[in-house]
There are 2 protein chains.
Amino acid sequence: MAAHMHKTRRAPAPTIKTLAEITGYSIATISKALRESPVVAPVTRDLIFKAAREVGYQANARGMALRTGKSFQAAVLMPVTAARDYEWDGVEYTQILSGVSQALDGTDYRMSVHVIRDAVDGAEAASRIVDQGLADGLIFSGILADDPRIDLLVDHHFPFVSMGRCRKDLDYAHVDIDNEWAAHAATARLLAGGHRRIALVNPERRFSYAMDRLDGFARAFREAGIAASADLIVEGDLSTHFGRQSVIDLLQVAEPPTAFVCINESTTLGVLSGLGSLGRQVGVDVDVIAYDDINVSAYFTPPITTFYQPIEVLGRTLGQFLLKRMEGEDPKALRQVFRPTLIERQPDNLGGRLA
Amino acid sequence: MAAHMHKTRRAPAPTIKTLAEITGYSIATISKALRESPVVAPVTRDLIFKAAREVGYQANARGMALRTGKSFQAAVLMPVTAARDYEWDGVEYTQILSGVSQALDGTDYRMSVHVIRDAVDGAEAASRIVDQGLADGLIFSGILADDPRIDLLVDHHFPFVSMGRCRKDLDYAHVDIDNEWAAHAATARLLAGGHRRIALVNPERRFSYAMDRLDGFARAFREAGIAASADLIVEGDLSTHFGRQSVIDLLQVAEPPTAFVCINESTTLGVLSGLGSLGRQVGVDVDVIAYDDINVSAYFTPPITTFYQPIEVLGRTLGQFLLKRMEGEDPKALRQVFRPTLIERQPDNLGGRLA
DNA sequence: AAGGAAAATAAAAACGTTTTTATTTTGACA
DNA sequence: TGTCAAAATAAAAACGTTTTTATTTTCCTT
């Protein structure tokens, strides 16, 4: 009677022991054969592999994990700002995760995501991951000018790849966008178009790349022999709200900007929203150049000039680098800085009205 | 000499054995005490807890995992369409992950993310997770009208919570948005505003919620006693490109729509982009009502009327439900359908020109 | 054909838990 | 004060691997 109650009991997954029974070899030999150890005879290795295939053997991750002390997890810290309620934010992270996951595909590693709300949270997450061995490697972004996570991880010899670079030491694996270059190029383009009062909508200075962008902005002016419009630099979180508010504030100053250089999509959307509600037209009253990583600027009305870098590519590189780091490769060999490509969608000279 | 080479060796993390040595109890007693088993005397339990606190004992997840057969992972399937190159897509997923992670905070569970590229990929990922015991529970979305994942998981008694519902069987834990209601409400609002030719920009029919929205759309017309503009229903992926192309196509028909009901942010952006490039003005030539989950419609120019549901809340509920499911709670008790709130930003009657 | 090194395989221990079973201690009752 | 059940603790086994150490087999050399 009771036998009818439950379905046919699922056969327990085959283990190394099952293979030992089937083939007649000891579990030690099985283990070595499966890991292609040279000490086991090729003929028995083949035999064991065949048996493994036949019964559909899959190494038990938990057993491996306990024995080796590894977790087979690649952790990613994903920032989510709790600042404004549910504001559009961090949208590019799906692309990063997608890229990392692509790199991990086919390896023994899984991707675990740790959501962090701020820098402190991020540092805590990192040390928890190290202390408790929650992962074998770590990927994170939002690098501060002097980031405690990097010190911690270097100290513990914990494999990691950062998206972005600290400003001081570079002896670790990283992937980055050339923010100095991009900010310089955008500013130079606007200067060439005749703009003099250029606003820079920038992240907070504690972020390493905010400083890089400031540098590029300044260099463009310096090279043009023009005094930088340093009073038109605004700094804040990367929210849409911030972009909008920045425009509203900046257009009230005595000598308002005729052009804007923006950080990311969401801020750009806010800037356009602010311009729209003040009745200013892009390409007529002001020009806007943005940095784009999810290919969305093409759909703004009007489409605007952007520096574009598909972020999934960065994610993939991050994953590839992390795999190599976890295998002990020298971090010095694992660095890549991407230059976004310029996509010209506007002349960015206010239709010639400036010349 | 060599002693100088490496830093002071980090003390190995304390284990249950360490605690046994310190307290003099056996490891069995330690284990039971830490899990608050009633068989161990309260006084020794306290003693053991105290010792654990003092040495900073943290249970080794790998040991627990091997012994219990659990993985302490909550898996989330994250869809990323590879359709168009790096198109803005799936941006709401950071919010979902954030919500799930919030729910998991403070528990023993970690969140692992599995990126899937299509429905087949999703089904494979699900069965891999079940077969290999990669996780103890699963969260996924993009539910098909008849989703193989649901059958698989129910069959294996594997704990899961779906975001969205199959159209046939509902005997499982799920969280959803009331798409029928939202589509109905949007359509009814436009009908009340005097619109008769209303376009529905919808996902592909294989998705369960696409059908729900079709139902709501039809019901609004039926209730108004007006023949539905069924020829103005377009179906496709949820990309910005699709939104834009839909508008361009639809405005070429003999009797073009005067209003659009959109699915999500990215499609809406595409719709607005299409309208802009054809020189049509929202609120003058056409009205647009959208569904918004990342609070971005407020920043479109002009701001448009939306049905808003903060998606992080859904994520949190998904996580909470999954925890309960993993503890064996009856799935029938774990269902929640959210109704988004209407945010009126336009009169949606073409400024009265229709009446 | 004996000896011995090299090659191949087996046995045993270990990773850190939980759980089942066994043993000791306590305390109530006669 | 001895008996016995109940309470408390200890011992041992197990989860599935990898790795170290031990044993057996092969085969070359003389």
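Residues numbered from 1 in each chain as written. Chains lettered and ligands numbered in written order. Predicted model: local features only at pLDDT ≥ 70, side-chain atom pairs only at ≥ 80, totals over all residues.

### Regarding the overall build of chain A
On a plain count of helices and strands, chain A comes out with 13 helices and 12 strands. Against the compact-globule benchmark of 20 Å for 355 residues, chain A has a radius of gyration of 26 Å, which places it well outside the compact range. C-alpha extents for chain A along the principal axes are approximately 85 × 55 × 35 Å. The buried share of chain A, taken over its 355 residues, is 48%. (Helix = DSSP H or I, 4+ residues; strand = E, 2+ residues; numbered from the N terminus. Rg over C-alpha atoms; globule rule 2.2 N^0.38 Å. Buried ≥ 20, exposed ≤ 12 C-beta atoms within 10 Å, placed from the backbone.)

### Observations concerning the protein's contact with DNA strand D
Not every one of the 27 residues close to DNA strand D is listed here, only the nearest: Ile16(A), Ser31(A), Asn60(A), Gly63(A) and Ala28(B). Breaking the surface near DNA strand D down by element, the ones donating at least two residues are helix 2 (16-23), helix 3 (27-34) and helix 5 (61-68) of chain A together with helix 3 (27-34) and helix 5 (61-68) of chain B. Residue composition of the surface near DNA strand D, by class: 13 nonpolar, 9 polar and 5 charged. (Near = placed C-beta within 6 Å. Nonpolar A, V, L, I, M, F, W, Y, C, P; charged D, E, K, R; others polar.)

### What to know about the relation of the copies chain B and chain A
The transformation that overlays chain B on chain A combines an axial shift of 0.0 Å with a rotation of 180°, and the residual RMSD is 0.0 Å. In symmetry terms, the pair is related by a two-fold rotation axis. Here 100% of the contact residues of chain B are again contact residues in chain A; the copies associate through an equivalent surface. (Least-squares fit on C-alpha atoms with pLDDT ≥ 70 in both. Contact = placed C-beta atoms within 7 Å.)

### What to know about the sheet that holds strand 9 (residues 287-292) of chain A
Residue and element names in this part refer to chain A. Spatially, the 6 strands line up as an open sheet ordered 7-6-8-9-10-12, and their pairing is mixed. In this open sheet, the two strands that pair with only one neighbour each are strand 7 (233-236) and strand 12 (341-343). Sheet twist, expressed as the mean angle between neighbouring strand axes with direction ignored, is 20°. Pairing analysis gives 3 bridges linking strand 10 (residues 305-308) to strand 12, with the strands arranged antiparallel. (Pairing = 2+ DSSP bridges. Axes fitted to C-alpha atoms, helices over the stretch in contact; angles between N-to-C directions.)

### Details of the domain arrangement of chain A
Partitioning chain A into domains gives domain 1 (2-59), domain 2 (73-176 + 311-338) and domain 3 (179-310 + 341-352). The centre of domain 1 of chain A, based on its C-alpha atoms, is set 36 Å off from the matching centre of domain 2 of chain A. (Domains from an automatic or database assignment.)

### Focus: the pairing of strand 4 (residues 160-163) of chain B
All names here are of chain B. Burial along strand 4 is two-sided: Phe 160 and Ser 162 and Val 161 and Met 163, pointing in opposite directions, are all buried. Pairing geometry for strand 3 (residues 137-140) and strand 4, over 3 bridges, is parallel. When the bridges of strand 4 are listed, Leu 138 appears paired with Phe 160. On the question of chirality, the crossover connecting strand 3 to the parallel strand 4 by way of helix 8 (residues 148-155) is right-handed. Across 2 bridges, strand 4 lies against strand 5 (residues 174-177) in parallel orientation. What sits directly across from Met 163, in strand 5, is Val 175. (Right-handed = clockwise from strand over helix to strand, strands pointing away.)

### Overview of the sheet that holds strand 12 (residues 341-343) of chain B
Residues and elements named next belong to chain B. Taking strand neighbours across the sheet as the criterion, the 6 strands line up as 7-6-8-9-10-12 in an open arrangement whose pairing is mixed. On the outer flanks of this sheet lie strand 7 (233-236) and strand 12, each paired with one strand and no other. On average, adjacent strands in this sheet sit at an angle of 20° to one another, irrespective of strand direction. Packing of helix 9 (residues 179-192) onto the sheet brings it into contact with strand 6 (198-203), strand 8 (259-261), strand 9 (287-292), strand 10 (305-308) and strand 12, and relative to strand 9 it is tilted by some 160°.

### Digging into unusual backbone geometry
In this model, Thr301(A) is joined to Pro302(A) through a cis peptide bond whose omega is -5°. When you line up the elements, Pro302(A) lands in the loop between strand 9 and strand 10. A positive phi is found at Asp348(B), a non-glycine position, where the angle reads about 60°. As for its placement among the helices and strands, Asp348(B) is situated in the segment after strand 12.

### A few points about the packing of helix 11 (residues 240-250) of chain B against helix 12 (residues 265-277) of chain B
Residue and element names in this part refer to chain B. For the pair helix 11 and helix 12, the least separation of the axes is 6 Å and the interaxial angle reads 40°. In terms of orientation, helix 11 lies oblique with respect to helix 12. The handedness of the crossing between helix 11 and helix 12 is right-handed. Contacts between helix 11 and helix 12 involve Thr 240, His 241, Phe 242, Gly 243, Arg 244, Ser 246, Val 247 and Ile 248 from the first element and Ser 266, Thr 267, Thr 268, Leu 269, Gly 270, Val 271, Ser 273, Gly 274 and Leu 275 from the second. (Parallel < 35°, antiparallel > 145°, perpendicular 65-115°, else oblique. Left-handed = near helix turned anticlockwise from the far one by under 90°.)

### Structural notes on the protein's contact with DNA strand C
Taken together, 27 residues surround DNA strand C, and among them Ala28(A), Ile16(B), Ser31(B), Asn60(B) and Gly63(B) come closest. Among the elements of the structure, helix 3 and helix 5 of chain A together with helix 2 (16-23), helix 3 and helix 5 of chain B are those that each provide at least two residues to the surface near DNA strand C. Of the residues assigned to the surface near DNA strand C, the class counts are 13 nonpolar, 9 polar and 5 charged.

### A word on the interface of chain B and chain A
Listed per partner, the contact involves 39 residues of chain B and 39 residues of chain A. Sorting elements by how many residues they give to the side of chain B that touches chain A places helix 6 (residues 93-104) of chain B first, with 6 residues.

### Quick look at helix 13 (residues 311-326) of chain A
All names here are of chain A. Look at helix 13: 23 Å from first C-alpha to last across 16 residues, which is about the 22 Å you get at 1.5 Å a residue. Here helix 13 lies mainly inside the structure; 12 of its 16 residues are buried. Taken residue by residue, helix 13 has Ile 311, Glu 312, Leu 314, Gly 315, Arg 316, Thr 317, Leu 318, Gly 319, Phe 321, Leu 322, Arg 325 and Met 326 as its buried positions. Where the residues of helix 13 are buried, they touch strand 1 (73-79), helix 6 (93-104), strand 3 (137-140), strand 4 (160-163), strand 5 (174-177) and strand 11 (335-338). Downstream of helix 13 by one or two residues, Gly 328 has phi in the positive range, about 95°. (Expected span 1.5 Å × (residues − 1).)

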